[in-house]
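# Structural features, examined
Spelled out from the first residue to the last, the chains are:
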Amino acid sequence: MNANDVLEFWFDELTPDDWFSKNDQLDATITERFGAVLEAAAAGECWQWRESAHGRLAEIIVLDQFSRNVYRDSPRAFAQDPMSLALAQEAVRLGVDQKLDATEKAFLYMPYMHSESLVIHEQAMQLFNQPGLENNYDFEVKHRDILLRFGRYPHRNAILGRTTTAEEHAFMQQPGSSF
């Protein structure tokens, strides 16, 4: 398995609808095809991929996106977030993001959006506010606004064993409150 296998699967085999929908069959496919790669990436064993912009993007997709499929509804779904964010931050610092097209950039920046830190979202607002990322920027604003209101993403509470406040519960009952 190499970085190109990840990118071909994510960008060529899947559709944008697949990227952000809950689908048990897709989760099983990603687990079967990429579960071992996810474990290797989480252990830092895909470091060679970072030598190219697309390799780094593939590692981030594995850590940030595949983890949410493989470990759906489990705390492990978010366990790779710090590493994927650090890789994305380093990529931005090195200008690696400038070698990617808009769709690829969106996934390189996604760990910023997934963070529960308002400090991180300050930079995310800047990163997603560029041509070709308008739709992603709108979602970034919505994510940031949830953090401004609650200081965390309430829809993760049950999975992470956090107590949900009455205000969070009321919010999660509203249409469009979850992503």
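What you are looking at is a predicted structure, and each value in this text was computed from that prediction instead of being measured. (Residues numbered from 1 in each chain as written. Predicted model: local features only at pLDDT ≥ 70, side-chain atom pairs only at ≥ 80, totals over all residues. Heavy atoms only, no water.)

### What about the overall build of the chain?
- Tallying secondary structure elements over the chain gives ten helices and zero strands in all.
- Starting at the N terminus and ending at the C terminus, the chain contains elements arranged as α-α-α-α-α-α-α-α-α-α.
- A compact globule built from 179 residues would reach a C-alpha radius of gyration of about 16 Å, and the chain, at 16 Å, matches this within 12%.
- In terms of principal-axis extent, the alpha carbons of the chain reach across some 45 × 35 × 30 Å.
- Looking at the chain as a whole, 47% of its 179 residues qualify as buried. (Helix = DSSP H or I, 4+ residues; strand = E, 2+ residues; numbered from the N terminus. Rg over C-alpha atoms; globule rule 2.2 N^0.38 Å. Buried < 20%, exposed > 50% of the residue type's maximum accessible area, 1.4 Å probe, protein only.)

### A look at the side chain of Asn-136
- Assignment of secondary structure puts Asn-136 in helix H8 (residues 134-150).
- Leaving out residues up to four positions away in the same chain, Asn-136 has contacts with Ala-106, Met-110, Met-113 and Phe-128. (Contact = heavy atoms within 4.5 Å.)

### Let's talk about the environment of Ala-79
- Relative to the elements of secondary structure, Ala-79 occurs in the loop between helix H4 (53-70) and helix H5 (81-94).
- On the basis of relative accessibility, which here comes to 49%, the residue Ala-79 falls in the partly exposed class.
- Measuring from C-alpha to C-alpha, the distance between Ala-79 and Asp-27 comes to 17 Å, with 52 residues separating the pair along the chain.

### Topic: helix H6 (residues 102-114)
- In this model, H6 (13 residues) spans 18 Å end to end at C-alpha, consistent with the 18 Å of a helix rising 1.5 Å per residue.
- By the largest-angle criterion, Leu-108 marks the main kink of H6, which is about 40°, and a proline, Pro-111, follows within four residues.
- Taking burial as the measure, the 13 residues of H6 include eleven buried ones, the bulk of the element.
- Three or more residues of H6 are buried, namely Glu-104, Lys-105, Ala-106, Phe-107, Leu-108, Tyr-109, Met-110, Pro-111, Tyr-112, Met-113 and His-114.
- Looking at the buried residues of H6, the elements they touch are helix H1 (3-13), helix H2 (16-19), H4, H5, helix H7 (118-128) and H8.
- N-capping of H6 is provided by Asp-101, with a side-chain oxygen placed 3.1 Å from the backbone N of Thr-103. (Expected span 1.5 Å × (residues − 1). Bend = angle between axes of the 7 residues up to and from the residue. Polar contact = N/O pair within 3.5 Å; in protein donor to acceptor, adjacent residues only side chain to side chain.)

### Concerning the nonpolar core
- By size, the foremost hydrophobic cluster in this structure holds 47 residues, and its most contacted members are Phe-66 and Tyr-112.
- Breaking this core down by element, the ones donating at least two residues are H1, helix H3 (24-42), H4, H5, H6 and H7.
- Ignoring any residue separated from it by four or fewer positions in sequence, one finds Phe-66 in contact with Val-6, Phe-9, Trp-10, Ile-30, Phe-34, Leu-38 and Ile-61.
- Leu-147, Phe-150, Tyr-153 and Phe-171 belong to the second-largest nonpolar core, a separate cluster that totals five residues. (Core = buried A, V, L, I, M, F, W, Y, C linked by side-chain atoms within 4.5 Å.)

### A word on the pattern of salt bridges
- Inspection of the entire model under this criterion finds 13 salt bridges.
- For Arg-149, the salt bridge identified is with Glu-167, shortest N-O distance 3.3 Å. One end of the pair, Arg-149, is in helix H8; the other, Glu-167, is in helix H10 (residues 166-172), with 18 residues separating them in the sequence.
- Glu-167 gets classed as partly exposed once you look at its relative accessible area, which sits at 45%. (Salt bridge = Lys/Arg side-chain N within 4 Å of Asp/Glu carboxyl O.)

Function-wise, these values are silent; they only describe arrangement.
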